[in-house]
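Coordinate inspection notes
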Amino acid sequence: MKGMQAFVKARCNQCHVVAGHGINLGPELTDVAKRFKGEKLVQQILDPSSEINKKFQNHQFVLKSGKLVAGVIVQESAAEFKVVTNLLNPNAFVRVNRKEIEEQIPSKISAMPNGLANVLTKAEILDMVSFLEFGGYKLPAHLKHSHDHSGND
Ligand code: HEC
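What comes next concerns the included structure. (Residues numbered from 1 in each chain as written. Predicted model: local features only at pLDDT ≥ 70, side-chain atom pairs only at ≥ 80, totals over all residues. Heavy atoms only, no water.)

**A look at the site of the ligand**
For clarity, the cut-off: Residues are labelled near a given molecule or strand when at least one of their non-hydrogen atoms is within 4 Å of it. N or O atoms within 3.5 Å of each other form a polar contact, as long as, within protein, one can give a hydrogen and the other can take it, and as long as residues adjacent in sequence are counted only when both atoms are side-chain atoms. The nonpolar class holds Ala, Val, Leu, Ile, Met, Phe, Trp, Tyr, Cys and Pro. Asp, Glu, Lys and Arg form the charged class, and all remaining residues, Gly among them, are polar.
Taken together, 26 residues lie around the ligand, and C12, C15, H16, S110 and M112 are the ones closest in. At 2.8 Å, a side-chain N or O of H16 approaches a nitrogen atom of the ligand. A distance of 2.7 Å is found between an oxygen atom of the ligand and a side-chain nitrogen or oxygen belonging to R35. Its residues assigned to classes, the shell around the ligand comprises 18 nonpolar, five polar and three charged.

Printed below as a string of structure tokens:
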């Protein structure tokens, strides 16, 4: 429970879903323990660029006009890419026409911002890590009804 509060306090749920809570801009974290545990998991949180999940990788587009666009590809078609340049503002995207691309470079910098856990105490970070390793807090069915997201604590 405390781990979930820390997760929300650091606004991780703006981009991640754990057991049905949050928004899916980054990888679903319910089974993240299969990929990362303990120290490795902490490292992913404190230093997101240390290992990048390919599906959510930032790409840099150098356009023929000389313009640069960097962000996560959220949709692609034969003609263009839809690129979100700032995941904290997911509704704003840029369309990149394939014909205008000079070069496309997968970025070594994660789309997940650094320093998100800075608002948490060490204890809160550890609670959050256990919460993630456990696959997210599952609310007992009888409590679901009165559950709200007002953030009062
Ligand atoms: C602005 C959106 C955003 C926020 C906010 C965010 N993340 Fe992420 N996160 C991502 C993206 C995108 C990736 C995938 C890219 C990567 O692996 O670095 C990711 C990857 C991860 C991974 C690695 C999972 C995997 O499968 O590779 C973990 C663990 C993680 N985030 C935990 C957290 C925690 C904990 C917080 C809160 C402190 C948080 N994230 C906040 C976007 C975000």
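**Considering helix α2 (residues 38-46)**
Because the α-helix completes a turn every 3.6 residues, residues three or four places apart line up on one side. To be explicit about the condition: Throughout this description, buried means an accessible area under 20% of the type-specific maximum (1.4 Å probe, protein chains only), exposed means over 50%, and partly exposed covers the range between. Starting at the N terminus, helices and strands are each numbered in turn, a helix being any DSSP run of H or I of at least four residues and a strand any DSSP run of E of at least two. Picture the helix axis, draw a direction to every C-beta atom, and the arc is the one those directions span. The contact rule is simple, with two residues in contact once any of their heavy atoms fall within 4.5 Å.
For α2, the complete set of buried residues consists of L41, Q44 and I45. Seen along its axis, α2 keeps its buried residues to an arc of 95°; they face one direction. Against α3 (122-133) lie the buried residues of α2.

**Some details on the nonpolar core**
Soluble globular proteins: nonpolar side chains tend toward being buried together. Heads up, the condition is: Only buried residues count toward a nonpolar core, which is a set of Ala, Val, Leu, Ile, Met, Phe, Trp, Tyr and Cys residues joined through side-chain atoms within 4.5 Å.
Counting residues in each nonpolar core, the largest one holds 18 residues, and the members touching the most others are F7, L41, I45, L120, M128 and L132. Mapped by element, the contributors of at least two residues to this core are α1 (2-9), α2 and α3. Here this core gets five residues from one element, more than from any other, and that element is α3. Here I45 is in contact with M112, A117, M128, V129 and L132, once residues within four sequence places are set aside. By size, the runner-up hydrophobic cluster in this structure holds eight residues, among which are F61, L63, I73 and I101.

**Remarks on the packing of α2 against α3**
Worth spelling out the cut-off: Here an angle of 0 to 180 degrees is reported between the N-to-C directions of two axes, which are lines fitted to C-alpha atoms, with helices fitted over the stretch in contact. Angles are sorted into four bins: roughly parallel if under 35 degrees, roughly antiparallel if over 145, roughly perpendicular if 65 to 115, and oblique for all others. Here a crossing is called left-handed whenever its near helix is offset anticlockwise from the far helix by less than a right angle, and right-handed whenever the offset is clockwise.
Put simply, α2 and α3 touch, their axes get as near as 10 Å, and they point 110° apart. On the basis of their axis angle, the class for α2 and α3 is roughly perpendicular. Note that α2 runs across α3; the crossing there is right-handed. Facing G38, L41, V42 and I45 of α2, the residues of α3 in contact are M128, V129, L132 and E133. Taken together, the residues of the contact of α2 with α3 break down into six nonpolar, one polar and one charged.

**Points about the environment of V129**
If you trace the backbone, V129 turns up in helix α3. As a C-alpha pair, V129 and G38 span 91 residues in sequence and 7.3 Å in three-dimensional space.

**Regarding the coordination of the iron atom of the ligand**
So the rule is basically this: Coordination shells were defined by N, O and S atoms within 2.8 Å of each metal, extended to 3.2 Å for Na, K and Ca; water is absent from the atom set, which can make sites look incomplete. Under the classification used here, a metal with four donors is tetrahedral if each angle lies between 85 and 135 degrees, square planar if opposite donors are over 155 degrees apart and the others between 65 and 115, a six-donor metal meeting that same test is octahedral, and anything else is irregular.
Surrounding the iron atom of the ligand are the protein donor atoms H16 (NE2) and M112 (SD), which sit 2.0 to 2.1 Å from the metal. Note that the iron atom of the ligand binds six donor atoms; their angles at the metal cover 87 to 178°, and the shape is octahedral. Taken together, the positions of H16 in the loop between α1 and β1 (17-18) and M112 in the loop between β7 (101-106) and α3 put the pair 96 residues apart, joining distant regions of the chain. According to the relative accessible area criterion, H16 is buried, its value standing at 11%. Taking the relative accessible area as the measure of exposure, M112 reaches 26% and is therefore partly exposed.

**Some words on the sheet that holds β7**
To keep it simple, the criterion reads: Note: two strands are recorded as paired if DSSP finds a minimum of 2 bridges between them.
Spatially, five strands are ordered β6-β5-β4-β3-β7 in an open sheet, and the strand pairing comes out antiparallel. Looking at the sheet topology across the chains shown, the edges are occupied by β6 (93-97) and β7. Strand-to-strand twist across the sheet, computed as the mean angle between neighbouring axes with direction ignored, equals 45°. Pairing of strand β3 (residues 58-63) with strand β4 (residues 68-76) involves five bridges; the strand directions are antiparallel. Its bridge partner being in β4, Q60 is matched across the sheet by A70.

So far we have only geometry, and geometry alone does not tell us how the molecule works.
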